[in-house]
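Here is what each chain is made of, one letter per residue.
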Amino acid sequence: MPRLKTLLESLAARPLQCDGATGTQLQQLGLRPGESCERWVLDQPEKVRLVHRRYFDAGADLLTTNTFGGTALALAAHGLAERAADINRAAVRLAREVAGERAWVLGDIGPFGGILEPVGETTPDAAADAFRAQAAALLDGGADAILVETMSDPAEAALAIAAAREAGARLVIATYAFQHTPSGFRTMMGTDAPAAVRAALEAGADIVGANCGTQLSLDDYATLCARLVAAANGAPVIVQPNAGSPERDGDSIVYHTTPEAFAAAAAHYLALGARIVGGCCGTTPAHIVASARGALGK
Ligand SMILES: [Zn+2]
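Keep in mind it's a predicted model, so treat the numbers as computed, not measured.

## Side note on the coordination of the zinc ion
Link 1 in the chain: Coordination of the zinc ion by the protein is provided by Cys212 (SG), Cys280 (SG) and Cys281 (SG), with metal-donor distances spanning 2.2 Å.
Link 2 in the chain: Positions of the donor residues of the zinc ion along the chain correspond to the pattern C-x67-C-C.
Link 3 in the chain: According to the relative accessible area criterion, Cys280 is buried, its value standing at 13%.
Link 4 in the chain: Given a relative accessible area of 25%, Cys281 falls into the partly exposed group.

What follows is the structure in C-alpha cells.
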C-alpha cells in the first residue's frame, strides 16, 4: 500500500473529503445524553471504531479522532482528567486501525470547556498546558495532523494552535463555529470571520475554516465560505457544516438536511474555493458518501 503523501501536497492536487459527526453517531449506538463521548474510546472501542469504519467506507480521506472533549480540563467534568493521555493515544489508534495508510487521521482538539481570564477563571497558561498535553498524546498515538475545532474565542484557538505546534504537530487545521448576529457571522465571543482567520494563521494554523454553528443553514455556509476563502489569503479552507439547524422532536434533536442537499452544498463550497469539505452535528455516513461522490467525484 503506498504511503500517503503529505496532506498539503495532496490538497494542492485535489480537494479532500473529511468525515462527519461523531457524537450524533455514537448516540445512535447507545451513548446517553451527558455521558462522556471520550470515555467510549476506553469502554466501547469497537463502537468508536465502527463510526470511523463507516466514514472511511463512505469515502472520507480524513478521519477525526473521538477526542473533542479530550483535554484534561474538559475530561475533569467526567472524572477522567487522569486518563487524558491514555484516551487520546487510544483514540488515535482506533482511527488508525481503520485508516491504515489510506486516509489521514486528524487528532481532534475542541474547546477546554471554560472561559479564559479575565472574563473567566482559567489562566492562558493552564489552558495552554492542557492543549499541549492533549496534542502531545495525539501525536504520540500517531495522528497525522491536529484539528483545533469549534472554537469561539480566537485567543483560545491561538493557544491550542500554538500548543499543537509546540507539541510537534507538522500540520494544524483550525476551525471556528460562527453564528448569526446583527453584524453578520460572528463567533459566540463576537469575532468575525476575517479576525478569526487572522488569529488562527498568526498562531501557526496551516488550514483554516468553520464547523458547526447551530443557526447556520447550508446557504449561510456558502456566504461564510466565500468570506473565509477571501480572508485566508491563499491558505486552504475547510468547511464542516451541520446537517442543517437542529430541531427538537420530543426528547430528541433531529437534523433534516438530506444527503443530496448536503452534497450539492459541498459542491458549491468547493466551487467557492474551499479545499476540504466534511460535516459536523447531524451528518451521517450517508451525507459523507453523497458528498464524496457528488461533490468530489470519488
Ligand atoms: Zn457540530
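## Overview of the pattern of salt bridges
Link 1 in the chain: Applying the stated criterion across every chain, the model contains 12 salt bridges.
Link 2 in the chain: Between Asp61 and Arg14 there is a salt bridge, with the nearest N and O atoms lying 3.5 Å from each other. Here the residue Asp61 occupies a position in the loop between helix H4 (45–58) and strand S2 (62–64), and Arg14 occupies one in the loop between helix H1 (7–13) and strand S1 (16–17), the gap between them amounting to 47 residues.
Link 3 in the chain: A single salt-bridge network, built from bridges that share partners, covers Arg83, Asp86, Arg89 and Asp140.

## Quick notes on unusual backbone geometry
Link 1 in the chain: Glu117 connects to Pro118 through a cis peptide bond whose omega is 0 degrees.
Link 2 in the chain: Within the secondary structure, Pro118 is located in the loop between strand S3 (104–109) and helix H7 (124–141).
Link 3 in the chain: Although it is not a glycine, Thr150 adopts a positive phi angle of roughly 55 degrees.
Link 4 in the chain: Along the chain, Thr150 turns up in strand S4 (residues 145–151).
Link 5 in the chain: On the accessibility criterion, Thr150 (16% relative accessible area) is buried.

About the cut-offs
- Residues numbered from 1 in each chain as written.
- Predicted model: local features only at pLDDT ≥ 70, side-chain atom pairs only at ≥ 80, totals over all residues.
- Heavy atoms only, no water.
- Donors = N, O, S within 2.8 Å, 3.2 Å for Na, K, Ca; no water.
- Buried < 20%, exposed > 50% of the residue type's maximum accessible area, 1.4 Å probe, protein only.
- Salt bridge = Lys/Arg side-chain N within 4 Å of Asp/Glu carboxyl O.
- Helix = DSSP H or I, 4+ residues; strand = E, 2+ residues; numbered from the N terminus.

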